[in-house]
Amino acid sequence: MDKHTTNTIIESLIQAKFEEPDFADCFLIEIRHNANLSLEIFVDSDSGMTFGKCQKISRHIEAYLDESGLLGEQYVLEVSSPGIDRPLEQIRQYVKNIGRLVSVKLKDGKILEGELLLADPDMIQIRPVMPKPKHIKLVTLLEPLEIPFDTILSTQVLVRF
């Protein structure tokens, strides 16, 4: 069976699970096929993805794969949240991260960093941040920038300590 057909079947299984009340705020990010019949599924949730949710989704898919033999007898299945190191891909991920610092790489090569203020289907809005020298006590707030999605190459959530 080809990857497209497999993905369609897996997506329908996942969507069926997302119709359950405990999973209603979950959404699919990506299905990735790797070598040696390894299948990685990335899911997220508006309220935050938990280990328990990932485990239940994994068991739901695994039960089907074992019964149907879709991937054969030996396969590796991993279900996880995308993690902080992966770029944001869907509008729901942007909305979920409003208020956090992000790094936005534009198609023209520029990189902007700032607080994510708004996300809608057409654009995001960030308040740029400038590095603050230690000897300066006041930080000037820069005006928010609107960035159309069609100019964005990738957006990464920044973790600062």
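This report concerns the structure included in the present document. Since this is a predicted model, take the numbers as computed values, not measurements.

1. Examining the side chain of glutamate 40
So, step 1. Its location among the elements puts glutamate 40 in strand β2 (residues 38-45).
So, step 2. The exposure class assigned to glutamate 40 is buried, which follows from its relative accessible area of 16%.
So, step 3. A distance of 2.8 Å separates a polar atom in the side chain of glutamate 40 from a polar atom in the side chain of asparagine 34.

2. A word on helix α1 (residues 3-18)
So, step 1. End to end, α1 covers 22 Å across 16 residues, agreeing with the expected 22 Å (1.5 Å per residue, within 8%).
So, step 2. Along α1, the residues classified as buried are Thr6, Asn7, Ile9, Ile10, Leu13, Ile14, Lys17 and Phe18.
So, step 3. Where the residues of α1 are buried, they touch β1 (26-34), β2 and α2 (51-68).

3. A word on the side chain of serine 45
So, step 1. Mapped onto the secondary structure, serine 45 falls in strand β2.
So, step 2. Once you skip the residues sitting within four places of it in the chain, serine 45 turns out to touch Asp25, Cys26, Phe27, Lys53 and Lys96.

4. Digging into the nonpolar core
So, step 1. Grouped together as the largest cluster of nonpolar side chains are 22 residues, with contacts concentrated most on Ile10, Ile41, Val43 and Ile61.
So, step 2. For this core, the element with the most residues is α1, which contributes five residues.
So, step 3. Leaving out residues up to four positions away in the same chain, isoleucine 10 has contacts with Ile31, Leu39, Ile41, Ile61, Leu65 and Leu70.
So, step 4. One finds Leu106, Leu116, Ala119 and Ile124 within the second-largest nonpolar core, a separate group that totals twelve residues.

5. What to know about the sheet that holds strand β3 (residues 76-80)
So, step 1. An order of β1-β2-β3 is seen for the three strands of this open sheet, with the pairing classed as mixed. Each end of this open sheet is capped by a strand with a single partner; those strands are β1 and β3. Pairwise comparison of adjacent strand axes, ignoring direction, gives a mean angle of 15 degrees for this sheet.
So, step 2. The pairing of β1 with β2 spans eight bridges and is antiparallel. Note on β2: the bridge partner recorded for isoleucine 31 is isoleucine 41.
So, step 3. The strands that α1 touches are β1 and β2; relative to β1, the one it contacts most, it runs at about 150 degrees.

6. Looking at the state of the cysteines
So, step 1. This model, assessed by the stated rule, comprises zero disulfides.
So, step 2. No disulfide involves cysteine 26; its nearest neighbouring cysteine sulfur is the one of cysteine 54, lying 8.3 Å away.

7. Section: a nonpolar patch on the surface
So, step 1. Taken together, Ile91, Val95 and Ile98 make up a surface patch of nonpolar side chains, about 210 Å² in accessible area.
So, step 2. If you trace the backbone, isoleucine 98 turns up in the loop between α3 (91-96) and β4 (101-106).

8. Some thoughts on the pairing of β2
So, step 1. Of all eight residues that make up β2, eight are buried, and the element is covered over most of its length.
So, step 2. Side chains Ser38, Glu40, Phe42 and Asp44 of β2 all project onto a buried face; the interleaved residues Leu39, Ile41, Val43 and Ser45 project onto the opposite face, where all are buried too.
So, step 3. In textbook terms, the turn of a hairpin is the stretch between consecutive antiparallel strands, and for β1 and β2 this stretch comprises three residues, one of which, asparagine 36, has a positive phi near 60 degrees.
So, step 4. Crossover β2 to β3 through α2 is right-handed.

9. Here we look at the environment of valine 157
So, step 1. Turning to its location among the elements, valine 157 is positioned in strand β8 (residues 152-157).
So, step 2. Separated by 74 residues in the primary sequence, valine 157 and glycine 83 have C-alpha atoms spaced 9.8 Å apart.
So, step 3. In this structure valine 157 touches Ile84, Leu88, Asn97, Arg100, Leu101 and Val102, once residues within four positions along its chain are discounted.

10. Here's the deal with the packing of aromatic side chains
Any aromatic ring pair is given by two values, namely how distant the centres are and how the planes are angled relative to each other.
So, step 1. Within the structure shown, the criterion is met by one aromatic pair.
So, step 2. Each ring, one from tyrosine 94 and one from phenylalanine 149, has its centre 5.0 Å from the other, and the planes form 85 degrees; the classification is edge-to-face. With tyrosine 94 in helix α3 and phenylalanine 149 in the loop between β7 (145-148) and β8, the pair connects residues that are 55 residues apart, well separated along the chain.
So, step 3. The buried category is assigned to tyrosine 94, whose relative accessible area is 4%.
So, step 4. Judged by relative accessible area, which is 23%, phenylalanine 149 ranks as partly exposed.
So, step 5. In this arrangement the basic side chain of arginine 86 is found over the ring face of phenylalanine 42, its NZ or CZ atom lying 4.1 Å from the centre.

Cut-off values and rules
- Residues numbered from 1 in each chain as written.
- Predicted model: local features only at pLDDT ≥ 70, side-chain atom pairs only at ≥ 80, totals over all residues.
- Heavy atoms only, no water.
- Helix = DSSP H or I, 4+ residues; strand = E, 2+ residues; numbered from the N terminus.
- Buried < 20%, exposed > 50% of the residue type's maximum accessible area, 1.4 Å probe, protein only.
- Polar contact = N/O pair within 3.5 Å; in protein donor to acceptor, adjacent residues only side chain to side chain.
- Expected span 1.5 Å × (residues − 1).
- Contact = heavy atoms within 4.5 Å.
- Core = buried A, V, L, I, M, F, W, Y, C linked by side-chain atoms within 4.5 Å.
- Pairing = 2+ DSSP bridges.
- Axes fitted to C-alpha atoms, helices over the stretch in contact; angles between N-to-C directions.
- Disulfide = S-S within 2.5 Å.
- Patch = residues over 30% accessible without salt bridge, like charges linked within 9 Å, V, L, I, M, F, W, Y side chains within 5 Å.
- Areas by Shrake-Rupley, 256 points an atom, 1.4 Å probe, with all protein chains shown as cover.
- Salt bridge = Lys/Arg side-chain N within 4 Å of Asp/Glu carboxyl O.
- Right-handed = clockwise from strand over helix to strand, strands pointing away.
- Phe/Tyr/Trp six-rings, centres within 6.5 Å; stacked < 30°, edge-to-face > 60°.
- Lys NZ or Arg CZ within 6 Å of the ring centre and 35° of its normal.

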